[in-house]
Amino acid sequence: MKISKTEILKRLQDANIDNCIFVNLVNFSNEIILDVNISNPTLQAKKKAELEIKESLNSELSSGIKVKINFKKTSADKPIKKIESKKISGIKNIIAIASGKGGVGKSTVTSNLSVSLAKMGFKVGLLDADIYGPSIPIMFDIVDERPKSVLVDGKSKMEPVTNYGVKILSIGFFTKPDQAVIWRGPMASKALNQMIFDANWGELDFLVIDLPPGTGDIHLSILQALPITGAVIVSTPQNVALADAKKGVAMFKQELINVPVLGIVENMSYFTPEELPNNKYYLFGKDGAKNLAEDLKVPFLGCIPIEQSVREAGDFGRPVAMQEDTEVSKDLKVITRKIVAEVVKRNKDLPDSEAIKITTMAGCSAVNK
Ligand code: ADP
């Protein structure tokens, strides 16, 4: 009988094979083709990995199925280490926020989404995994804070720092703010591993993850390690950003990653001068991300204008979503509701959901799986 892709992936993950990340898998009735990124591509390491892979698929091999492995070397400055794949008890939904390009507002969307969710009454955690520039501590005014250690069931755990109702851990907590650190793959994996599995997150409706920009090995590590409910892609309407956003969507849709894309948020959509409140200037082009969402058949989650208050609120450390009834905070609320609705839909449609329950909120029905 043909083995399912999920079963193959599970076996490979359980085998915990060193130095390898499985990036693609094709499953024919008599042949399994695996694309594998390997950080140490010596003949010996490849042989060892091949043996371990074949061992984990032993029962299929003995029934005549062939396994073909294509090794690809990962770049030398990005050695990889798999984050251990475990379920995180008490966390109902994990939303990854990604962007193809840096500087398009991914962290701004992450911080505002987290605050909006908390304001709606959800229990929210935020994991800042942006190893290239963790900006969440600034955006939440917690630059000088550090997570404390607490004892949970006799085990020492890291207590997230809480502000505006959001529990936060950032890779930035592991460095001094004025100290530039280039996080190398294994170092970043270790720190992220601790922040994910050795932290006292408690019960959360949503854990929102601020991913690094782009589509690198660190993304693959995080995405393979965690039961991600869905991903949100942030892009500006500009062509260069859209091209990279498209790569981001493709990464999540890769067969072996297979994370549902909840949709695309368009940031910096237009500018409205205060003295001309009825005018919209489309500085980076009009409807670019909206059209991309249509092309890729993923939901469009809404627009955020380019506004001084958004930038100031971020720099000041009090996300603009904290404001009551400003136009932009209303936009963010609409986007947040759409994301929740997409999570609800996703949890209904897909059988393998890790998500359990979302409490009722206006506009969205409750799910209890
Ligand atoms: P990324 O996480 O994609 O690198 P950031 O969220 O850090 O991007 O945003 C980059 C800069 O742009 C920050 O200074 C932020 O305050 C600003 N910014 C983001 N979105 C907006 C917006 N809608 N209006 C004005 N400034 C914005």
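What you see is a predicted model, and the numbers here were worked out from it, not measured in a lab. (Residues numbered from 1 in each chain as written. Predicted model: local features only at pLDDT ≥ 70, side-chain atom pairs only at ≥ 80, totals over all residues. Heavy atoms only, no water.)

(A) Structural detail: the overall build of the protein. Helix and strand content of the protein: eleven helices and 15 strands. When burial is assessed residue by residue, the protein has 49% of its 369 residues classed as buried. In the protein, once contacts between residues fewer than 6 apart in sequence are set aside, the share between residues at least 24 apart is 72%. With an accessible surface of roughly 17600 Å², the protein has 51% of that area assigned to carbon and sulfur atoms. (Helix = DSSP H or I, 4+ residues; strand = E, 2+ residues; numbered from the N terminus. Buried < 20%, exposed > 50% of the residue type's maximum accessible area, 1.4 Å probe, protein only. Contact = heavy atoms within 4.5 Å. Areas by Shrake-Rupley, 256 points an atom, 1.4 Å probe, with all protein chains shown as cover.)

(B) Quick look at the sheet that holds strand β12 (residues 261-267). Strand order in the open sheet made by the eight strands is β8-β9-β5-β10-β4-β11-β12-β13, with mixed pairing throughout. Two strands close off the open sheet at either side, each with one partner strand: β8 (161-163) and β13 (300-304). Between one strand and the next, the sheet's axes are offset by a mean angle of 25°, whatever the strand orientation. Judged from the five bridges that link them, strand β5 (residues 124-128) and strand β10 (residues 204-210) form a sheet pairing that is parallel. Bridge pairing links Val124 to Phe206 in β10. The strands touched by helix α4 (residues 106-119) are β4 (91-98), β5, β9 (166-170), β10, β11 (230-235), β12 and β13; relative to β10, the strand with the most contacts, the crossing angle is about 170°. (Pairing = 2+ DSSP bridges. Axes fitted to C-alpha atoms, helices over the stretch in contact; angles between N-to-C directions.)

(C) Expanded view of the site of the ligand. By nearness alone, 16 residues border the ligand, and Gly103, Lys106, Ser107, Thr108 and Pro305 come closest of all. A distance of 2.9 Å is found between an oxygen atom of the ligand and a backbone nitrogen or oxygen belonging to Gly103. For the ligand, an oxygen atom lies 3.1 Å from a polar atom in the backbone of Val104. If the ligand stood free it would expose 560 Å²; the protein chains cover 81% of that surface. If one sorts the elements of the shell around the ligand by residue count, α4 sits on top with three residues. The residue makeup of the shell around the ligand, split by class, is seven nonpolar, six polar and three charged. (Near = heavy atom within 4 Å. Polar contact = N/O pair within 3.5 Å; in protein donor to acceptor, adjacent residues only side chain to side chain. Nonpolar A, V, L, I, M, F, W, Y, C, P; charged D, E, K, R; others polar.)

(D) Spotlight on the pairing of β10. Where burial is concerned, most of β10 is hidden: seven out of the seven residues are buried. Pairing of β4 with β10 involves six bridges; the strand directions are parallel. The partner of Ala96 across the bridge, within β10, is Ile209.

(E) Inspection of a nonpolar patch on the surface at higher detail. Among the surface-exposed residues, Phe271, Leu276, Tyr281 and Leu283 lie close enough to one another that they form a single nonpolar patch of about 360 Å² accessible area. Among the secondary structure elements, Tyr281 is positioned in the loop between β12 and α9 (288-296). (Patch = residues over 30% accessible without salt bridge, like charges linked within 9 Å, V, L, I, M, F, W, Y side chains within 5 Å. Salt bridge = Lys/Arg side-chain N within 4 Å of Asp/Glu carboxyl O.)

(F) Region of the structure containing the pattern of salt bridges. If you walk through the whole model with that rule in mind, you get eleven salt bridges. Here Asp244 makes a salt bridge to Lys247, at a shortest N to O gap of 3.6 Å. Residue Asp244 and its partner Lys247 are located together in helix α8 (residues 239-253), separated by three residues, close to a single helical turn. Residues participating in the shared-partner salt-bridge network are Lys106, Asp130 and Asp210.

(G) Region of interest: the packing of aromatic side chains. Taken as a whole and judged by the stated rule, the model has three aromatic pairs. The lysine or arginine in question, Lys280, covers the ring of Tyr270, its NZ or CZ lying 4.5 Å from the ring centre. Positioned over the ring face of Tyr282 is Lys286, at 5.2 Å from the centre of the ring. (Phe/Tyr/Trp six-rings, centres within 6.5 Å; stacked < 30°, edge-to-face > 60°. Lys NZ or Arg CZ within 6 Å of the ring centre and 35° of its normal.)

(H) Quick look at the packing of α8 against α9. Contact geometry for α8 and α9: axes closest at 11 Å, N-to-C directions at 35°. The hand of the α8/α9 crossing is right-handed. Mapping the contact onto sequence places Leu242, Ala245, Lys246, Val249 and Lys253 in α8 and Gly288, Ala289, Leu292 and Leu296 in α9. Looking at the contact of α8 with α9, its residues break down into six nonpolar, one polar and two charged. (Left-handed = near helix turned anticlockwise from the far one by under 90°.)

In short, geometric facts, not functional conclusions.
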